[in-house]
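# Inside the fold
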Amino acid sequence: MKPTTLVYPIDADNRILMGRKKRGFGVGKYNGFGGKIDRNETFRQCAVRELYEEAGLVAKPEDLECIGLFDFRFPGDESLTHIGYIYVVRVFTGIVEETDEMEPHWIPLDSIPYEHMWQGDWQWLPRLLQGARLVGPIVFNEDNETVDMMKLVSVESVLESEFIARIDGYILEVVQE
């Protein structure tokens, strides 16, 4: 299971920065910015690194707001299975730039292109943007596109840990309550 991050910048005009994936896993879909953790990197360090690499924005780890923790399961291809912390950030610097991986777009919160995103995003992203904190699994079907099961639980705050076993246990504990 790969540890990953996903970060959504929100600007002073209450717009969300999303990127259209240009290559690799999820090509053509809009998403936040993120990816896999590098060796000896924390989740928060990964999130700010990926935000810079994919969009040109600079943020500090302490300015990230942890709003979700998901266990993305892909039974059709276990190599795609990953856990991921979801963050928003409202304090950042830099100029948004297109990269070889992402085409970034500032989007009003009421115009998010859910029809061009991962199936299921329309169920959890609005809840997170309205202030919910969510934890749980999202299980895809064998086609690795459609969602088979989603059991996201609202929590007061999301436990942050660098230990995968602790994260897995926490997700299981929250879902079984």
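Residues numbered from 1 in each chain as written. Predicted model: local features only at pLDDT ≥ 70, side-chain atom pairs only at ≥ 80, totals over all residues. Heavy atoms only, no water.

## Some details on the overall build of the protein chain
- Looking only at helices and strands, the protein chain features 3 helices and 12 strands.
- In terms of C-alpha radius of gyration, the protein chain reaches 15 Å, essentially the compact-globule figure of 16 Å for 177 residues.
- The dimensions of the protein chain, computed from C-alpha atoms along their principal axes, are 40 × 35 × 35 Å.
- Burial statistics for the protein chain: of 177 residues in total, 50% are counted as buried.
- Restricting the contact set of the protein chain to residue pairs at least 6 apart, pairs at least 24 apart contribute 65%.
- About 8800 Å² of surface is accessible on the protein chain, with carbon and sulfur atoms providing 49% of the total. (Helix = DSSP H or I, 4+ residues; strand = E, 2+ residues; numbered from the N terminus. Rg over C-alpha atoms; globule rule 2.2 N^0.38 Å. Buried < 20%, exposed > 50% of the residue type's maximum accessible area, 1.4 Å probe, protein only. Contact = heavy atoms within 4.5 Å. Areas by Shrake-Rupley, 256 points an atom, 1.4 Å probe, with all protein chains shown as cover.)

## So, the sheet that holds strand S9 (residues 102-108)
- Strand order in the open sheet formed by 3 strands is S3-S2-S9, with antiparallel pairing between adjacent strands. Strands with a single pairing partner mark the edges of an open sheet, and in this sheet they are strand S3 (30-31) and S9.
- Across 2 bridges, the pairing between strand S2 (residues 15-21) and S3 is antiparallel. Bridge pairing in S3 links Arg20 to Tyr30. (Pairing = 2+ DSSP bridges.)

## Considerations on the layout of surface pockets
- Roughly 700 Å³ of volume is contained in the largest pocket.
- Sorting the residues of the lining of the largest pocket by element identifies strand S1 (2-9), strand S4 (33-36), helix H1 (43-55), strand S7 (82-89), helix H2 (121-129), strand S10 (134-140) and strand S11 (147-150) as the ones contributing at least two each.
- Grouping the amino acids of the lining of the largest pocket by side-chain chemistry returns 14 nonpolar, 12 polar and 9 charged. (1 Å grid on protein atoms, 1.4 Å probe; cavity = no way out; pocket = protein on both sides within 12 Å on 5 of 7 lines; lining within 4 Å. Points joined across faces, edges and corners; volume = space filled by probe spheres on them. Nonpolar A, V, L, I, M, F, W, Y, C, P; charged D, E, K, R; others polar.)

## A short note on the nonpolar core
- In terms of nonpolar packing, the biggest core is built from 28 residues, with Val7, Leu51, Leu69, Tyr85, Tyr87 and Val135 touching the most fellow members.
- Those elements that place two or more of their residues in this core are H1, strand S6 (64-73), S7 and helix H3 (164-176).
- Looking at this core element by element, the count peaks at 6 residues for H1.
- Sequence-distant contacts of Val7, that is, excluding residues within four places in its chain, are made with Gly32, Phe33, Ala47, Leu51, Leu64, Tyr87 and Val89.
- Ranked by size, the runner-up nonpolar core spans 26 residues in total, among them Ile10, Met18, Leu80 and Ile86. (Core = buried A, V, L, I, M, F, W, Y, C linked by side-chain atoms within 4.5 Å.)

## Topic: the pairing of S2
- Counting buried positions along S2 yields 5 of 7 residues, so the element is predominantly enclosed.
- Sheet topology note: the S2/S9 ladder contains 7 bridges and is antiparallel. Across the sheet, Gly19 pairs through a bridge with Pro104, a residue of S9.

## Let's talk about the environment of Pro113
- Position of Pro113 relative to the elements: it lies in the loop between S9 and H2.
- For Pro113, a relative accessible area of 11% translates into the label buried.
- Separated by 95 residues in the primary sequence, Pro113 and Met18 place their C-alpha atoms 9.5 Å from one another.

## What to know about the environment of Asp77
- Residue placement: Asp77 occurs in the loop between S6 and S7.
- In sequence terms Asp77 and Trp106 are 29 residues apart; their C-alpha atoms lie 32 Å from each other.

## Observations concerning the packing of aromatic side chains
- Inspection of the entire model under this criterion finds 10 aromatic pairs.
- Look at Phe25 and Trp118: their rings are 5.1 Å apart centre to centre, the planes differ by 40°, and that puts the pair in the tilted class. A residue pair is termed long-range when its members are at least 10 positions apart, and Phe25 in the loop between S2 and S3 and Trp118 in the loop between S9 and H2 qualify at 93 residues.
- Arranged with centres 4.4 Å apart and planes meeting at 5°, the rings of Phe74 and Phe140 form a pair that is stacked. Taken as a pair, Phe74 in the loop between S6 and S7 and Phe140 in strand S10 lie far apart in primary sequence, 66 residues in all.
- The class for Phe74 is buried, based on a relative accessible area of 2%.
- Given a relative accessible area of 3%, Phe140 falls into the buried group.
- One Lys or Arg, Lys29, reaches over the ring of Trp118 and ends 4.8 Å from the middle of that ring. (Phe/Tyr/Trp six-rings, centres within 6.5 Å; stacked < 30°, edge-to-face > 60°. Lys NZ or Arg CZ within 6 Å of the ring centre and 35° of its normal.)

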